[in-house]
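Observations on chain architecture
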Amino acid sequence: MLVTLEGLDGSGKTTVWEALSDRYPEAVFTHEPTDSWYGDAVNRAIDDDDADPLATLFLFTADHADHLSRVVRPALAEGNLVVSDRYADSRYAYQAASLADAEIQRPLEYIRGIHAAFTRPPDKTIYLDVDPETAAARSGATNKFEQAGYLAEVRANYERLIDADPNRFVRVDATQSPEAVLDSVEDVFDRLLADD
Ligand SMILES: Nc1ncnc2c1ncn2[C@@H]1O[C@H](COP(=O)(O)OP(=O)(O)OP(=O)(O)O)[C@@H](O)[C@H]1O
Ligand SMILES: Cc1cn([C@H]2C[C@H](O)[C@@H](COP(=O)(O)O)O2)c(=O)[nH]c1=O
C-alpha cells in the first residue's frame with residue numbers, strides 16, 4: 001500500500017513522517033525530492049529564482065520517474081507499506097501554480113496528463129491542511145515557494161485535487177498542536193492497516 005503525505009511547506013509533513021517511521025519501522029519511508037542526483041538537480045532549481053518553470057517541472061518529473069522505478073515500485077512489489085513525504089500531487093499543486101502565467105493552458109490537467117502514462121497513484125493521501133500565512137511563517141519563507149501569496153495558489157490547487165478524488169484524500173487540520181496532528185494521522189493509519 002502506498003500512502004503519501006501532502007500539504008503546503010511548513011504544514012508538518014516531515015514532523016509526521018519522522019514520527020510514523022518510529023511507529024512503523026518495517027515500512028519503507030521515502031520522500032520527494034529524493035536524495036538522488038535527480039533530487040540534487042531539483043534542489044538547484046528550487047534555490048534558483050530565475051529557474052524556468054517548465055524546465056523545473058520536468059526536473060521534478062524526472063526525479064519522480066527515478067523514485068518510482070528505484071524505490072516505490074520495488075518496495076510495493078515486495079508487499080511493503082510505503083510512506084512518501086510528498087509525491088505526484090506536489091507537482092500538480094505547486095508546478096500548476098508556477099505555470100499559471102505560462103503559455104500552457106490548464107496547467108494542472110497538463111501536468112496530470114504527463115504523469116498519467118507512468119505514475120503509480122497513491123492508495124491514500126493524507127493532506128495536512130494549513131493556511132498559507134501559517135505555512136510561510138513555519139517554513140521560514142526561505143525560498144520562492146515558501147511565500148504566502150504563492151502558497152495560496154498551491155492550496156487552491158490541492159483543493160481542486162481533493163474535489164476530483166475525494167475518496168483518496170484524508171484532510172487533517174494541521175493548525176492543531178503537533179501531538180494532535182500526529183494522533184489524527186495515526187488514527188488514519190490504524191484504520192488503513194486494519195482494512196488492508
Ligand atoms: N502542528 C504544528 N504546530 C506548530 N508547529 C509545527 C507543527 N508541525 C510542525 N511544526 C513546525 O513547523 C516547522 C516545519 O515543519 P515540517 O518540516 O515538519 O513541515 P513540512 O511540511 O515538512 O515542511 P516542508 O514542506 O517545507 O519541508 C518545524 O519547525 C516544525 O517543528
Ligand atoms: C516534490 C515537489 C516539491 N516541490 C516544492 C515544495 C517545497 O517548497 C520544495 C521542497 O520540498 P520539501 O518538502 O520542503 O523538501 O519543493 C514542488 O514544487 N514540486 C514537487 O513536485
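Looking up the protein in an unreviewed UniProt entry gives the name Probable thymidylate kinase, with the organism given as Salinirubrum litoreum. For the protein, the Sequence similarities (unreviewed entry) comment in UniProt is given as "Belongs to the thymidylate kinase family." The record in UniProt for the protein states the following under Catalytic activity (unreviewed entry): "dTMP + ATP = dTDP + ADP".

**Quick look at the pattern of salt bridges**
As enumerated under the stated definition, the model contains 12 salt bridges in all. With a closest N to O distance of 3.9 Å, R86 and D9 form a salt bridge. Of this pair, R86 sits in the loop between strand 3 (82–85) and helix 4 (88–98) while D9 is found in the loop between strand 1 (2–7) and helix 1 (13–23), placing the two residues 77 residues apart along the sequence. In this structure, the salt-bridge partner of R171 is E159, at a minimum N-O distance of 2.8 Å. Here R171, found in strand 5 (residues 169–173), pairs with E159, found in helix 7 (residues 148–164); they are 12 residues apart in sequence, far enough to count as distant. Classification of E159 as partly exposed rests on a relative accessible area of 23%. Each of D129, R155, E159 and R171 takes part in salt bridges that share partners, so that together they form one network.

**Considering the site of ligand 1**
As a structural note, the neighbourhood of ligand 1 is formed by 16 residues, with G10, K13, T14, T15 and Q176 the closest of them. The separation between an oxygen atom of ligand 1 and a polar side-chain atom of K13 is 2.6 Å. Isolated, ligand 1 exposes 630 Å² of accessible area, and the fraction of that covered by the protein chains is 65%. Listing elements by their share of the shell around ligand 1, those giving two or more residues are helix 1 and helix 8 (178–195). Broken down by element, the shell around ligand 1 gets its largest block of residues, three residues, from helix 1.

**A word on the packing of aromatic side chains**
How two aromatic rings sit relative to each other is given by the distance of their centres and the angle of their planes. Inspection of the entire model under this criterion finds eight aromatic pairs. Judged by centre distance (5.6 Å) and plane angle (25°), the ring pair of Y24 and F189 falls under stacked. In this pair, Y24 sits in the loop between helix 1 and strand 2 (28–31) while F189 sits in helix 8, placing the two residues 165 residues apart along the sequence. Under the relative-accessibility criterion, Y24 is labelled buried at 7%. Taking the centre distance of 4.9 Å and the plane angle of 40° together, the rings of Y127 and Y158 count as tilted.

Procedures and definitions
- Residues numbered from 1 in each chain as written.
- Chains lettered and ligands numbered in written order.
- Predicted model: local features only at pLDDT ≥ 70, side-chain atom pairs only at ≥ 80, totals over all residues.
- Heavy atoms only, no water.
- UniProt positions renumbered as here; feature names shortened; annotations may be inferred.
- Salt bridge = Lys/Arg side-chain N within 4 Å of Asp/Glu carboxyl O.
- Helix = DSSP H or I, 4+ residues; strand = E, 2+ residues; numbered from the N terminus.
- Buried < 20%, exposed > 50% of the residue type's maximum accessible area, 1.4 Å probe, protein only.
- Near = heavy atom within 4 Å.
- Polar contact = N/O pair within 3.5 Å; in protein donor to acceptor, adjacent residues only side chain to side chain.
- Areas by Shrake-Rupley, 256 points an atom, 1.4 Å probe, with all protein chains shown as cover.
- Phe/Tyr/Trp six-rings, centres within 6.5 Å; stacked < 30°, edge-to-face > 60°.

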